[in-house]
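# Observations on the model geometry
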Amino acid sequence: MVAASRNTILRLINAAQHSACPCHSCSPAHPHSQIHALNQLRNFATPVNAVEKEYAFEVAASNLRFGDGVTSEVGMDLKNMKARKVGVFTDPNVAQLVPMKTAIASLEAQTDLPFEVFDQVVAEPTEDSWRKAIAWARERDFSHFLAVGGGSVIDTAKAANLFSAYKDADLMDFVNAPIGKGLPITKPLHPLIAIPTTAGTGSETTGTAILDITSRSFKTGIANRAMKPVLGIVDTHNTESCPTAVHISAGLDVLFHSMESYTAIPYTERVPRPANPILRPAYQGSNPVADIFSLWALQATVKYLPRIAKNRDDTEARRQMLLASSFAGIGFGNAGVHLCHGMSYPISGLNKKGPKYKHPGYVTDLPIIPHGVSVALTGPAVFQFTAPSSPDRHRQALAIFNSTTVSDPSVASIPDREIGAYLYEAIARFLDGLGVPRGLKAVGYQTSDIERLVQGTLPQRRVLDLAPGIGDVIGSDGSEHLTRIMECSMEY
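As a convention, each chain's residues are numbered from 1 in the sequence order in which they are written. At least 70 in pLDDT is required for a residue's local features to be given in this predicted model, at least 80 for side-chain atom pairs to be given and counted, and no such filter applies to totals for whole chains, interfaces and linings, which use all residues. Here the side-chain values reflect all heavy atoms present in the structure, with hydrogen atoms and water set aside.

We now examine the overall build of the protein. Secondary structure is summarised from DSSP: a helix means a run of H or I of at least four residues, a strand means a run of E of at least two, and numbering begins at the N terminus for each. When helices and strands are counted, the protein shows 18 helices and ten strands. Areas reported here follow the Shrake-Rupley algorithm with a probe of radius 1.4 Å; residue values treat only the protein chains shown as occluding. Put simply, the protein shows about 19200 Å² of open surface, and 54% of that area lies on carbon and sulfur atoms.

Written as structure tokens, this is what we have:
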């Protein structure tokens, strides 16, 4: 507590002296004039005028069912869908827990509903783990799929479903460009039902699936509306056995899903306008519908995640975080995420060969920076960088962290140019309260790693192109800004 208090005081002093500086943790040798030069770079970037901008947005989300104990209905759902044979996906841990046992009992209660179980999904899936799951599914001719687990399980089931329909396709055919070919999905996929056991990824609502490209030490994925589940069954009972560390990491994912989607470039600024509606990306930029879901999720997460961190048996907090996870999923599933997620992919990917950090509270023998933690490490610096793009939206986020409204004089009186510094402090304070590692150094990265982290971020164009200050300008790939943000995320 003393250390946190001391750091908070130092950050506030630094913010008062250098309100335009996008990181408070940089050493005194990092002068304010360098940040002024960085902002000049942004000002001199060439606006995108050469191609037609987007003029429409779409809203797509899975059907959702919320309730205590609704997992027991899944057998009836599949029977109602006239399932011929069901492929059930889970991981070795969830396979032993109540959510999976309840789902299996529900399937067994139905007559003539054959199913097979794949229980070898790994946390933070890789190319190899996906290929194994895909090969298993391709051999069995399933008519329907069921995923019971966290985002890793649901994402793996999505991939197995996709490549069961495209039996001759290679994994990279649909992986997001420029890493893969990013081909459109034109065939109908089989129905997938997702039952989340964590309150974080929102994968039950989206057509996004993420994997770790181990050969390149970063994550990427496939994002297409065709992959979204037909139904997400959101059951409060299913997070009862979730460890506190997993609750926190999953909740951080909700936090930054909501903040990034709310502050992404507006959909009307995205380029190019698709020549055919099938080419319109799932991640479209902020829009009026996504805004509603993202803001609600942000408010709920700021209120209830600290309660779960203190007491994971807080039923009301768990219920609200499950709602927030799905709401944020609808928000980012239609608007997209940007810098925190883009930079998180090499942060977690390089860890396996670099720092080999293993986060406390996770049941694994392998190095792991949980996804939500990897996203949060750059959060304070990211939103100080993006604040000038939309001061009003960042002011709204600041008000939520401060448990007040934008009309409160303590928020309303802050000049637009200083919103970023105040939001940096609010996010840092929130993360402190959850015990999140205090920057990249805390998980083992050094300044010498920054170039590799930036190089691992640059291919993530799917999300970088939605980042204010990067996605809405041309003439640069954004590497200067990414480098500065990484430097300012080393510690706080």
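Once that is clear, we can look at the pairing of strand β3 (residues 86-89). Exposure is judged per residue with a 1.4 Å probe applied to protein chains only, and the accessible area is read against the type maximum: over 50% gives exposed, under 20% gives buried, and values in between give partly exposed. Judged by which residues are buried, β3 turns out to be covered on both faces: V86 and V88 on one side and G87 and F89 on the other are all buried. Pairing of β3 with strand β4 (residues 115-118), which is carried by four bridges, proceeds in the parallel orientation. Paired with V88 across the two strands is V117, which belongs to β4. We call a crossover right-handed when, viewed with the strands running away from us, the connection from the first strand over the helix to the second turns clockwise. As a crossover connection, the stretch from β3 through helix α4 (residues 98-108) into β4 is right-handed. Pairing between strands is defined by DSSP: at least two bridges between the two strands are required.

This part covers the pattern of salt bridges. Salt bridges, as used here, are contacts in which a Lys or Arg side-chain nitrogen is within 4 Å of a carboxyl oxygen on Asp or Glu. Enumeration according to the criterion identifies 29 salt bridges in this entry. Salt-bridge contacts for R140 lead to E116; the nearest nitrogen and oxygen are separated by 2.9 Å. Of this pair, R140 sits in the loop between α5 (127-138) and β5 (144-149) while E116 sits in strand β4, and the two are 24 residues apart along the sequence. D314 serves as the salt-bridge partner of R307, at 2.9 Å between the closest nitrogen and oxygen.

Each axis is a line fitted through C-alpha atoms, taken for helices only over the stretch in contact, and angles between the N-to-C directions span 0 to 180 degrees. Taken N-terminus to C-terminus, the directions of helix α7 (residues 244-263) and helix α13 (residues 391-401) make an angle of 155°; their axes are 10 Å apart at the nearest point. On the basis of their axis angle, the class for α7 and α13 is roughly antiparallel. For the pair α7 and α13, the crossing hand works out as right-handed. Contact residues: α7 offers L255, M259, Y262 and T263, while α13 offers R393, H394, Q396, A397 and F401. Should an angle fall under 35 degrees it is called roughly parallel, over 145 degrees roughly antiparallel, and 65 to 115 degrees roughly perpendicular, with every other angle called oblique. Note: crossing handedness is left-handed where the near helix turns anticlockwise from the far helix by less than a right angle, and right-handed where it turns clockwise. Any two residues whose heavy atoms approach within 4.5 Å at even a single point are treated as in contact.

By this rule, a helix spans an expected 1.5 Å times one less than how many residues it contains. An ideal rise of 1.5 Å per residue puts 33 Å on 23 residues; helix α8 (residues 288-310) measures up with 34 Å between its terminal C-alpha atoms. Where α8 bends most, at T301, the angle is about 35°. Regarding α8, the residues found buried are A290, D291, S294, A297, L298, A300, T301, V302, Y304, L305 and I308. Residues of α8 that are buried in the fold lie against α7, α9 (315-335), α13 and α15 (419-434). We define the bend at any residue as the angle between the axes fitted to the seven residues before and including it, ending there, and the seven starting there.

Attention shifts here to the packing of α7 against α15. Close contact between α7 and α15 brings their axes to 11 Å; oriented N to C, the two are set at 165°. Classified by the interaxial angle, the pair formed by α7 and α15 is roughly antiparallel. Crossing angle aside, the handedness with which α7 passes α15 is right-handed. Taking contact as the criterion, the partners of I248, L252, L255, F256 and M259 in α7 are, on α15, L423, I427, F430, L431 and L434. For this classification, Asp, Glu, Lys and Arg are treated as charged, while Ala, Val, Leu, Ile, Met, Phe, Trp, Tyr, Cys and Pro are nonpolar and the rest, including Gly, are polar. Each residue belonging to the contact of α7 with α15 can be placed in one class, and the counts come to ten nonpolar, no polar and no charged.

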